[in-house]
Amino acid sequence: MPVKDEIETRLMAAFAPQQLEIVNESHQHAGHSGDDGTGESHFRIVIRAKAFAEMSRVARHRAVQGALGDINTRVHAIALDIG
């Protein structure tokens, strides 16, 4: 399964977001540090969910990182825009 699909599956299950955008930005980092040649090394995630309403910014990031689990160690970079 592509990493983008794994990210979507995990975040949908964990937060039932009203908005979820997952952008594979790996092509922008081709040949740079962290590019493993798979085309799945750098992602940008925009997520909006009611579950984040009472959380601090740090708690939101921790919750998303927790939901992503081992994906955090399989990709080089994940940029988060959480609201």
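Report follows, based on the coordinates. What you are looking at is a predicted structure, and each value in this text was computed from that prediction instead of being measured.

## Side note on the sheet that holds strand β3 (residues 77-82)
In space, the 3 strands of this open sheet follow the order β1-β2-β3, with mixed pairing throughout. In this open sheet, the two edge strands, each paired with only one partner strand, are β1 (19-24) and β3. Averaged over neighbouring strand pairs, the angle between their axes works out to 10 degrees when direction is ignored. In terms of strand pairing, β1 meets strand β2 (residues 42-48) through 6 bridges, oriented antiparallel. Looking across to β2, one finds that N24 is bridged to F43. This element, helix α1 (residues 3-15), spans β1 and β2 of the sheet and lies at about 25 degrees to β2. Across the sheet, helix α2 (residues 57-68) touches β2 and β3, and the angle it forms with β3 is around 135 degrees.

Cut-offs and rules
- Residues numbered from 1 in each chain as written.
- Predicted model: local features only at pLDDT ≥ 70, side-chain atom pairs only at ≥ 80, totals over all residues.
- Heavy atoms only, no water.
- Pairing = 2+ DSSP bridges.
- Helix = DSSP H or I, 4+ residues; strand = E, 2+ residues; numbered from the N terminus.
- Axes fitted to C-alpha atoms, helices over the stretch in contact; angles between N-to-C directions.
- Contact = heavy atoms within 4.5 Å.

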